[in-house]
Amino acid sequence: MKLLIQFPGALTTVQDLGRWGYQAIGMPVSGAMDAPALIRGNILLGNQDNAAALEMTMSGPSVLFKDGEGAIAITGGDLQPRLNNQPVSNWKVLPVKSGDVLTFAGVCGRGLRAYLCVSGGIDVPVVMGSRSTYMKAKIGGLDGRKLAKDDELSTGQAGKYKAGVSCPENMRPDYSPDKPLRTVLGPQDDYIKPEGVKTFLSSEYKISPSSDRMGSRMEGSELIEHVKGPDIVSDAIPMGAVQIPGQGLPIVMMADRQTTGGYVKIGVVHALDVARLSQLMPGSPVRFSQITQKQGIEISKSEAQALNSLRDYVMKFSQTQTLTQAQPQTQSQSQRGAMNVIVNGEKFFVTWERL
Amino acid sequence: MSEFKAKILPAGETCIFVDFGEIIDMKINACVQALKRALTDEPFEGLLELVPTYRSLSIYFDPLRINLDALYERLNKELAGLDDYNSDNNQAANSIEIHVPVFFGGEFGPDLQDVAEHTKLTVEEVIKRYCGSPLYCFMNGFTPGFPYLGGMDSSLETPRLKNPREYIPANSVAIGGAQAGAYSIASPGGWRIIGRVPYELYDPYREPAVAIQAGMYVTFYPVDMNRYQEIEAQAKSGIYKIEYKQREMTSK
């Protein structure tokens, strides 16, 4: 199956779970901003967790499917998808065939970006171990750029999937907008005055409109003070690192973050909450709360359990669907039959006929 | 490593920093490299990626496979064994020197005047000292190919911008605090921009893709606009040769 981009949308790129292993030469990781949404879409479709999908921002693309058939699952934010002009649901396996057209009405206040996962994944060349687009260095995805009109994408070898299966609500990512972003303090929280750490953990910030795939900038009135200035001898920047530059307002580093940087990092937001942050509209309120590194690891483990529950659910759904489909078939097709039966050691030949 | 004690610091649920000190120093960098080698030679369960920087080693791991207590114990053991790191500092042997042309000031170096004012030097003196510094590339980071250069004349130290710029053109040459560097691709950033290199510092389709690499010695030299445009044109048509040469190892 192929996808023809009839209209690209504001920012549509190919992303998987990122380009790990090359940060030492300065190559950013990139990958899906909302990885938990991408993984769930891939599980629904029977893909590898890391299969590439289209990350669609604000206004989605218009996609014509051609050359074969397959299935899609749209996950993440609600960009109001329509298949052949009929509204369709997120988090659900939808069969598609040649000539079908997927469009989006665009953001409606429930998330900023969505993932178009396809059976078999989007097949673009793997660059340094990943299909993720990193636009600034012009690598990955389709020629290292965002998608444009008339681009054509192939899909890989599809796995086993079942049309109609959908991710139950309790297994979806928690997108609650009011929960604080859980943050492990460090590595440089001691470069911030104690009152500054309190300010960080108690203030309400607003997401700045100049946020992007690289970083989410916070706006606010209460400034965080450094002990001896915001500059450090540059070191690494993990996903979710909260930099405090000289103006005293946090910047949360996202998927396309630079590998290293020279501003004090007060803490690191948990990966799940980075994903949640990536779905919030500019202007949305944001708070930070403190967790320990071990609590962070426990949160990651509970996410892994949620993903395993979804895998089980998808598998069971496929099995029960097979049974319920099989039963009416045998009933409707076989109107009469015959068999040998043994009752108390005696053989009988029995014929039967549906009445 | 007598003056400072290495610190093991949390950096979220997937990363630990081992920090060797808050200065740019060859010996500290040698410790970073030594710990990196130790963990590369004998990786622990769940290790994903090691990112060496000037002064710290960032250790990325899979939170589902990590035994955090065991990792801290392992790191403490490795650090205890690093005391004799001094003999390890032999990375300068057989190193490469790169000479990099720069047009300083004007539209390409909007912060050159500010650096001169901050350092109380003339613009000419800033350029002279910047080009006269024996720079060493400690690491690539930030974005693909961005070289972090140590060894800049300390009289040129200028703090980063309070509010980083949202756009800096590729190949801009800069000062960030005590460091020198060059933006290898267009990106946001807070360093003071003083000039521009006429060719791509990062070009994924060229060999080498990254012009200034970790371990190289770097000398910038000023060119006028005519020469800048000449080199730019040569680079665009693929005939410009980056000025590398083998570094003569003298007594030091």
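The following refers to the structure shown. Keep in mind that what you see is a predicted model, and the values were worked out from it rather than measured.

The rules behind the values
- Residues numbered from 1 in each chain as written.
- Chains lettered and ligands numbered in written order.
- Predicted model: local features only at pLDDT ≥ 70, side-chain atom pairs only at ≥ 80, totals over all residues.
- Heavy atoms only, no water.
- Helix = DSSP H or I, 4+ residues; strand = E, 2+ residues; numbered from the N terminus.
- Buried < 20%, exposed > 50% of the residue type's maximum accessible area, 1.4 Å probe, protein only.
- Contact = heavy atoms within 4.5 Å.
- Lys, Arg positive; Asp, Glu negative; His and termini not counted.
- Charge placed at Lys NZ, Arg CZ, Asp CG, Glu CD.
- Pairing = 2+ DSSP bridges.
- Buried area = accessible area lost by both parts, 1.4 Å probe.
- Salt bridge = Lys/Arg side-chain N within 4 Å of Asp/Glu carboxyl O.
- Polar contact = N/O pair within 3.5 Å; in protein donor to acceptor, adjacent residues only side chain to side chain.

This next bit is on the overall build of chain A. Within chain A, the secondary structure is distributed over four helices and 23 strands. Counting only C-alpha atoms and orienting by the principal axes, one finds that chain A spans roughly 95 × 50 × 35 Å. Within chain A, buried positions represent 52% of all 355 residues. Excluding contacts between residues fewer than 6 apart, the proportion of contacts in chain A whose partners are at least 24 apart in sequence is 74%. A gap of 3 Å separates the mean positions of the 37 positive and 33 negative side-chain charges of chain A.

Put simply, A:Gly186 and A:Pro187 share a cis peptide bond, and its omega is 10 degrees. Structurally, A:Pro187 can be placed in the loop between strand E13 (181–185) and helix H2 (194–202). Of note, the phi angle at A:Asp143 is positive, near 50 degrees, even though the residue is not glycine. Looking at the element boundaries, A:Asp143 is found in the loop between strand E11 (122–123) and strand E12 (152–155). The exposed category is assigned to A:Asp143, whose relative accessible area is 57%. A positive phi angle, near 75 degrees, is found at B:Phe142, a position not held by glycine. Along the chain, the position of B:Phe142 falls in the loop between strand E6 (135–140) and strand E7 (147–150).

On to the sheet that holds strand E9 (residues 101–104) of chain A, then. Strand order across the open sheet formed by seven strands is E7-E6-E9-E4-E1-E12-E11 (chain A), with antiparallel pairing between neighbours. Both outer strands of the open sheet, strand E7 (86–87) and E11 of chain A, are each paired with one neighbouring strand and no more.

All names here are of chain A. Note that isoleucine 192 resides in the loop between E13 and H2. Linking isoleucine 192 and alanine 52, residues 140 residues apart in sequence, is a C-alpha distance of 39 Å. Leaving out residues up to four positions away in the same chain, isoleucine 192 has contacts with Val197, Ile224, Glu225, His226, Val227, Ile244, Val264 and Ile266.

A few words now on the pairing of strand E9 (residues 172–176) of chain B. All names here are of chain B. Most of E9 is tucked away, with five of its five residues classed as buried. Neither face of E9 is open: one carries Ser172, Ala174 and Gly176, the other Val173 and Ile175, and all of them are buried. Bridge count for E9 against strand E10 (residues 179–183) is five bridges, and the pairing is antiparallel. Each residue of the ladder has a partner; that of glycine 176, found in E10, is glutamine 179.

Here the focus is the environment of A:Asp49. Residues and elements named next belong to chain A. Residue position: aspartate 49 is located in the loop between helix H1 (35–44) and strand E3 (53–57). Spatially, the C-alpha atom of aspartate 49 lies 14 Å from that of arginine 19, the residues being 30 residues apart in sequence. For aspartate 49, the contacting residues outside a window of four places in its chain are Leu17, Ile39, Asn42, Ile43 and Arg311.

Below, the discussion takes up the interface of chain B and chain A. Each partner contributes to the interface: chain B provides 53 residues, whereas chain A provides 53 residues. Interface of chain B and chain A: buried area, both sides summed, is about 4100 Å²; carbon and sulfur atoms make up 57% of it. Seen at the junction of chain B and chain A, the total is two salt bridges. B:Asp69 is the salt-bridge partner of A:Lys294, the closest N and O atoms lying 2.9 Å from each other. Here chain B is connected to chain A by 16 residue pairs in polar contact (both at pLDDT 80 or more). Residue assignment for the side of chain B that touches chain A shows that the elements contributing at least two residues are strand E1 (7–10), strand E2 (15–19), strand E3 (47–52), strand E4 (56–61), helix H2 (68–80), E6 and strand E11 (187–189) of chain B.

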